[in-house]
Amino acid sequence: IDVTTYSRGGYHGDLNETFMVGNVDADGRRVVKTAFECLQTALAMVKPGTLYRDLGSKIHKVAAANKCSVVRTYCGHGIGSLFHTAPNIPHYVKNKAKGVMKEGHVFTVEPMINLGAYSDITWGDNWTAVTSDGKRSAQFEHTVLVTKDGCEILTARENEPVMTWDPALLQR
């Protein structure tokens, strides 16, 4: 579920979580947990001085260690009074993103993780994206603010300032 907010103060927020519905098999649980861990690992890197492109390398390592792939079509993005703005933050290895994180930067990290191939196709409605091989995908996303010592997750759950894996919160 991907949720976007727009505050009266004129700022956007962007958040995504994947929920497991019913009796989910081991592969389904694996891709959801891997997507969560990819975002969790990337957010742990967010601090002044980190290169934006380095997030993709860490995300790729987590995904590959769990026999998953990372979608290359979509990326994280700057966010504020404009919804999609610079910087672009690719989530895959060997990307060419430019820029260094600085205190005060606000952006999203939103890796899409697949069980099969990293490629996707867009349906005729020009909105719906699916994996090219029909295998399952999962995604988690947060909007973050770079602070002097790290980051603040602006879209965090109440009383959860850091991401904590809890399958009970994601099972329906």
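Description of the structure in this document. (Residues numbered from 1 in each chain as written. Predicted model: local features only at pLDDT ≥ 70, side-chain atom pairs only at ≥ 80, totals over all residues. Heavy atoms only, no water.)

## Quick look at the side chain of Thr-143
As for its placement among the helices and strands, Thr-143 is situated in strand β11 (residues 142-146). Residue Thr-143 is classed as buried on the basis of its relative accessible area of 2%. Filtering out sequence-adjacent residues up to four positions away, Thr-143 remains in contact with Gly-13, Asp-14, Ile-79, Val-106, Phe-107, Thr-108, Glu-152, Ile-153, Leu-154 and Thr-155. (Helix = DSSP H or I, 4+ residues; strand = E, 2+ residues; numbered from the N terminus. Buried < 20%, exposed > 50% of the residue type's maximum accessible area, 1.4 Å probe, protein only. Contact = heavy atoms within 4.5 Å.)

## Quick notes on the pattern of salt bridges
Tallying each qualifying case throughout the model produces four salt bridges. Across the salt bridge formed by Arg-136 and Asp-25, the nearest N and O atoms sit 3.0 Å from each other. Placement of the pair is Arg-136 in the loop between β9 (129-131) and β10 (137-139) and Asp-25 in the loop between β2 (12-16) and α1 (26-45), with a sequence separation of 111 residues. For Arg-136, a relative accessible area of 38% corresponds to the partly exposed category. (Salt bridge = Lys/Arg side-chain N within 4 Å of Asp/Glu carboxyl O.)

## Concerning the packing of aromatic side chains
For the structure on display, the rule yields three aromatic pairs. Pairing Phe-36 with Trp-165 gives two aromatic rings, centres 5.2 Å apart and planes at 65 degrees, and the pair type is edge-to-face. With Phe-36 in helix α1 and Trp-165 in the loop between β12 (151-153) and α3 (167-170), this residue pair connects regions lying 129 residues apart in the sequence. Judged by its relative accessible area of 23%, Trp-165 is partly exposed. Following the ring pairs from residue to residue traces out a cluster consisting of Phe-36, Phe-140 and Trp-165. (Phe/Tyr/Trp six-rings, centres within 6.5 Å; stacked < 30°, edge-to-face > 60°.)

## Remarks on the pairing of strand β1 (residues 2-6)
For β1 and β2, the ladder comprises five bridges, and the chain directions are antiparallel. Counted as the bridge partner of Thr-4 is Asp-14 from β2. Between β1 and the antiparallel strand that follows it, β2, lie five residues; Gly-10 among them carries a positive phi value of about 95 degrees. (Pairing = 2+ DSSP bridges.)

## A closer look at the nonpolar core
The biggest cluster of nonpolar side chains holds 33 residues, and the ones touching the most others in it are Leu-43, Phe-107, Val-109 and Ile-113. Of all the elements in the fold, those that place two or more residues in this core are α1, α2 (54-65), β6 (106-109) and β11. Of the residues forming this core, the biggest block, nine residues, is contributed by α1. Aside from chain neighbours lying at most four places away, what touches Phe-107 is Val-46, Tyr-52, His-77, Gly-78, Ile-79, Ile-89, Met-101, His-142, Thr-143, Val-144 and Val-146. (Core = buried A, V, L, I, M, F, W, Y, C linked by side-chain atoms within 4.5 Å.)

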